[in-house]
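# Secondary and tertiary structure notes
Each chain, written out:
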Amino acid sequence: MSHTTDEPVDSEKRALNFIETIIEEDKLNMKNGGRVHTRFPPEPNGYLHIGHAKSICLNFGMAEKYGGKCNLRFDDTNPEKEETEYVESIMEDVKWLGFQWDKEPYYASDYFDQLYEWAVKLIKKGVAYVDDQPQEMISQQRGTPTRPGTESPFRNRSVDENIDLFARMKNGEFPNGSRVLRARIDMTSPNMHMRDPVMYRILQADHHRTGDKWKIYPMYDFAHGESDFLEGITHSLCTLEFEVHRPLYDWFIDQLIDDKSYRPRQIEFARLNLSYTVMSKRKLLELVKNNIVKGWDDPRMPTIAGLRRRGYTPASIRAFADRIGVAKRDNVIDVGLLEFSVREDLNKISPRVMAVIDPVKVILTNYPDDKLEDIELVNNPEDPESGSRKVPFGRELFIEQDDFMVDPPNKYFRLGPGREVRLKGAYVIRCESFELDEKGAVKTIYCTYDPETKSGSGPKQPKIKGTLHWVEASSAVTAEVRLYDRLFMDEDPAGHKEKDALEFMNPDSLKLLNNCKVEPMLATVKSGDKFQFQRIGYFCVDPDSATNKPVFNRTVSLKDNWAKVSQKEQG
RNA sequence: UGCCCGAUGGUGUAAUUGGCAACACGUCUGACUCUGGAUCAGAAGAGCCCAGGUUCGAGCCCUGGUCGGGCAACCA
């Protein structure tokens, strides 16, 4: 009963998921020679999203865990929707997630010749025929889930006639849509997919790889199982909606291949749903087309490109995929879990910096006018290797508006008239007075500092509850910060029968802050750089940045207990 | 009136394959803290969709329901 080889390296005897259980059984029984070969088979007609990431992690993960291989295969059987642009973005995303496919990417279109040959073989066997009927007629004859279909009048054509017609379809002798090749199975099958499914349609369209070579294209159902077979796939992992297709795939292979020593096995799992977002390509496309977001890589999008721009790390997405598990029941995963996964990773790796996103000026009335001193700050307390840096400190500073209240409640550990607070890494200051502008907003806060309390070296180190982050005014760099929130206000925006998801858009999903003050070092930051803005959250440099004009995307906020406490107090 | 899946704390996933339900996130306490972060310690929360049956014993097996999802593109 011992699993002879390939025990998972990460030890931790975590329970197996149902797919791992199947794979281990298959290996034990030496099915397909005990090999494990999976594949990730996207259609290049859109950008990958977090749901695909689940599938990618699963497919590549199983191959990795069991010492097998995983192919990247583009299911490009519909030339009307597919483009090279998508092929490239998909490859980029898979690599970025940290996976390497076996050899070169595969394409279903590489098999068009083989598929054609196989179709002819099925015709010769008498299990495929050309149907001259229009689409509507075929669809009508298919019946409904509860009513059997009826047979096409062309179903019993001679093999010769079928061969001839199919060849002429291929040669482009017939207009689009005028004829199809169908499998001859069973029009009364309780499984709709077995009711003489279409195998080939006439489509005089240029294909992104085969150009104008083909006038007919195979349907996904006829290409997919065969592609798996041709690549030696052992475990074909896909989402639940293909469960009812499986008998068809098996039927095709059994008709085509007599030697039963090797067969791919399809295993279906439930697709990922994330709360407060939509996951279908169609809906995501709608968001892009209607300019609700700024593109496929808008940081609010659940696309891989969007998450990347938002500041998510590959490791965090892999950890997320790992945590959500795989099963067959419908699920809606709390976005909070995704957020937890980034925080966990970013907490370990991101340098802490000082940034005030909603600044208010503080003047230290007893601090020398022209003096600037260097304050030494630790880069990342979670990572001793990360060292420290110097940040200027002076008489005029910025702190966060939120960190000052004219009339603060008891549990507010920050600044207010007469209150004391520590400036991170620097001194304890005391608020003596403040000044309001015409609108009644706090304009300037006047404080005194206690030179004896300098962080570390000062003789006085009083216990102070509140510590604030700050930025020295004269050296501060002005930055733009983009605060993102969930795109939808409903937990399951696509789950309403009578309402469109777009009715649940969150009007505040993007908040632009143009006058943020950040420490000098951040003037020369690079796109993609990640930081923790002390006490605020994790931020990532957006490609829109320029030297001295950095733009930061908020990846995720820090957990905020004060927000909870203050909310409770308000009732 | 058809066929195929599924049903375990708020969410997701487990249960050595019949022996009184575990883990993660979340929630709540408390400790610690120059990030109200992190970390650490602890707690609450399901009696496993329902009803029968098999069994000494069932979340795991059987039967019948209920509820949820999928299936009727010349899409994938």
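This one's a predicted model, so the numbers in the text were calculated from it and none came from an experiment.

What follows is about the overall build of chain A. What chain A contains, in helices and strands, is 13 helices and 25 strands. Relative to the compact-globule value of 25 Å for 571 residues, chain A shows a C-alpha radius of gyration of 31 Å, a clear excess of over 25%. Classification of the 571 residues of chain A by burial places 52% in the buried group. Within chain A, contacts between residues separated by at least 24 positions form 70% of all contacts whose residues are at least 6 apart in sequence. Of the roughly 27,200 Å² that chain A leaves accessible, carbon and sulfur atoms contribute 48%.

Let us look at the protein's contact with RNA strand B. Lining the immediate environment of RNA strand B, one finds 69 residues, of which Thr77, Arg329, Arg352, Ser455 and Asn561 sit closest. The sugar and phosphate moieties of RNA strand B supply 62% of its atoms located within 4 Å of the protein. A distance of 2.9 Å is found between a base nitrogen of RNA strand B and a backbone nitrogen or oxygen belonging to Gly177. Contact distances for RNA strand B include 3.2 Å between a sugar or linking oxygen and a side-chain N or O atom of Asn347.

Quick look at helix 1 (residues 18-28) now. All buried positions along helix 1 are accounted for by Ile19, Glu20, Ile22, Ile23, Glu24, Asp26 and Lys27. Along its buried surface, helix 1 packs onto helix 2 (50-65), strand 8 (235-239) and strand 9 (265-269). With a side-chain oxygen positioned 2.9 Å from the backbone nitrogen of Ile19, the residue opening helix 1 is Asn17. Positive backbone phi, at 55 degrees, marks Met30, one or two positions downstream of helix 1.

Non-glycine residue Tyr276 carries a positive phi angle of around 60 degrees. By the secondary structure assignment, Tyr276 is in the loop between strand 9 and helix 9 (281-289).

Turning our eyes to something else, we now look at the nonpolar core. Phe166, Leu181, Met199, Tyr200 and Phe222 are the most contacted members of the largest nonpolar core, which totals 39 residues. Listed by contribution, the elements that provide at least two residues to this core are helix 4 (112-124), strand 4 (128-131), helix 6 (159-170), strand 5 (180-183), strand 6 (198-202), strand 7 (216-218), helix 7 (220-231) and helix 8 (246-256). Considering every element that reaches this core, the biggest residue donor is helix 4, with eight residues. Non-local contacts of Phe222, meaning those with residues more than four positions away in its chain, are made with Leu115, Trp118, Ala119, Leu122, Met199, Tyr200 and Phe252. Residues Ala53, Cys70, Phe320 and Val335 belong to the second largest nonpolar core, which totals 36 residues.

Turning our attention to the pairing of strand 9. Burial of strand 9 is extensive: four of the five residues sit out of reach of the surface. As defined by bridge partners, strand 8 adjoins strand 9 across five bridges and the pair is classed as parallel. The residue of strand 9 that forms the bridge with His235 is Arg265. Handedness of the crossover joining strand 8 and strand 9 through helix 8 is recorded here as right-handed.

With respect to the helices and strands, Asn506 occurs in the loop between strand 21 (477-484) and strand 22 (510-518). The contacts of Asn506, once residues within four sequence positions are left out, are Asp485, Arg486, Leu487, Phe488 and Met489.

What follows deals with the sheet that holds strand 24 (residues 537-541). Ordered in space as 10-23-24-25-21-22-11, the seven strands form an open sheet in which the pairing is mixed. Among the strands making up the open sheet, the edge pair consists of strand 10 (352-353) and strand 11 (355-356).

A few words on empty space enclosed by the protein. A water-sized probe rolled over the atoms picks out the places where empty space is left. Following the criterion strictly, the structure yields one cavity of 30 Å³ or more and no others. What the largest cavity holds in volume is close to 30 Å³. Val278, Lys283, Glu286, Leu287, Phe488, Asp500, Ala501 and Leu502 together form the lining of the largest cavity. Classifying every residue of the lining of the largest cavity gives five nonpolar, no polar and three charged.

Another point: the side chain of Glu480. By the secondary structure assignment, Glu480 is in strand 21. Here the side chain of Glu480 touches Arg482 through a polar contact of 2.8 Å, side chain to side chain. If sequence neighbours within four positions are ignored, Glu480 has contacts with Leu512, Leu513, Asn514, Pro550, Val551 and Phe552.

Applying the stated criterion across every chain yields a total of 40 salt bridges. Its salt-bridge partner being Asp26, residue Arg265 comes within 3.6 Å of it at the nearest N-O pair. Here Asp26 lies in helix 1 and Arg265 lies in strand 9, a separation of 239 residues in the sequence. Classification of Arg265 by relative accessible area gives partly exposed; the value is 30%. Measuring nitrogen to oxygen at the nearest pair gives 3.0 Å for the salt bridge that ties Asp254 to Arg263. With a relative accessible area of 35%, Asp254 lands in the partly exposed category. On the basis of relative accessible area, Arg263 is assigned to the buried category, the value being 15%. The structure contains a network of salt bridges with shared partners spanning Asp297, Arg309, Glu480, Arg482, Asp542 and Asp544.

Rules and cut-offs
- Starting from 1, residues in each chain are numbered consecutively following that chain's sequence as written.
- Chain letters start at A and ligand numbers start at 1, both assigned in the order the entries are written.
- The model is predicted, so local features are restricted to residues of pLDDT at least 70 and side-chain atom pairs to those at 80 or more, both for listing and for counting; the totals for chains, interfaces and linings are taken over all residues.
- Water and hydrogen atoms were dropped before computing side-chain values, which therefore reflect all heavy atoms in the structure.
- Helix and strand assignments come from DSSP, with helices taken as H or I runs of at least 4 residues and strands as E runs of at least 2, each series counted from the N terminus.
- In this treatment the radius of gyration is a C-alpha quantity, and the globule benchmark scales as 2.2 Å times the residue count to the 0.38 power.
- Summary of the burial criterion: residues with accessible area below 20% of their type's maximum are buried, those above 50% are exposed, and those between are partly exposed, where the area comes from a 1.4 Å probe applied to protein chains only.
- In what follows, residue pairs with any heavy atoms lying within 4.5 Å of each other are defined as contacts.
- Each accessible area value is a Shrake-Rupley result obtained with a 1.4 Å probe; residue values ignore everything except the protein chains displayed when judging cover.
- Here, proximity means that at least one heavy atom of the residue falls within 4 Å of the molecule or strand.
- Definition of a polar contact: a pair of N or O atoms within 3.5 Å, with one able to donate and the other able to accept a hydrogen when the atoms are protein atoms, and with sequence-neighbouring residues admitted only if both atoms are side-chain atoms.
- Nonpolar cores were defined as sets of buried Ala, Val, Leu, Ile, Met, Phe, Trp, Tyr and Cys residues, with membership established by side-chain atoms within 4.5 Å.
- By the convention used here, strands pair only if DSSP detects at least 2 bridges between them.
- Every crossover in which the path from the first strand over the helix to the second runs clockwise, viewed with the strands pointing away from the viewer, is termed right-handed.
- Each cavity reported here is a set of points on a 1 Å grid over the protein atoms alone in which a 1.4 Å probe fits but cannot get out, each pocket an open set with protein on both sides within 12 Å along at least five of seven lines, and each lining residue one with an atom within 4 Å of a point.
- Grid points are joined across faces, edges and corners, and a volume is the space filled by probe spheres set on the points.
- Each residue is assigned to one of three groups, with Ala, Val, Leu, Ile, Met, Phe, Trp, Tyr, Cys and Pro labelled nonpolar, Asp, Glu, Lys and Arg labelled charged, and all others, Gly among them, labelled polar.
- In the sections that follow, a salt bridge refers to a side-chain nitrogen of Lys or Arg positioned within 4 Å of a carboxyl oxygen of Asp or Glu.

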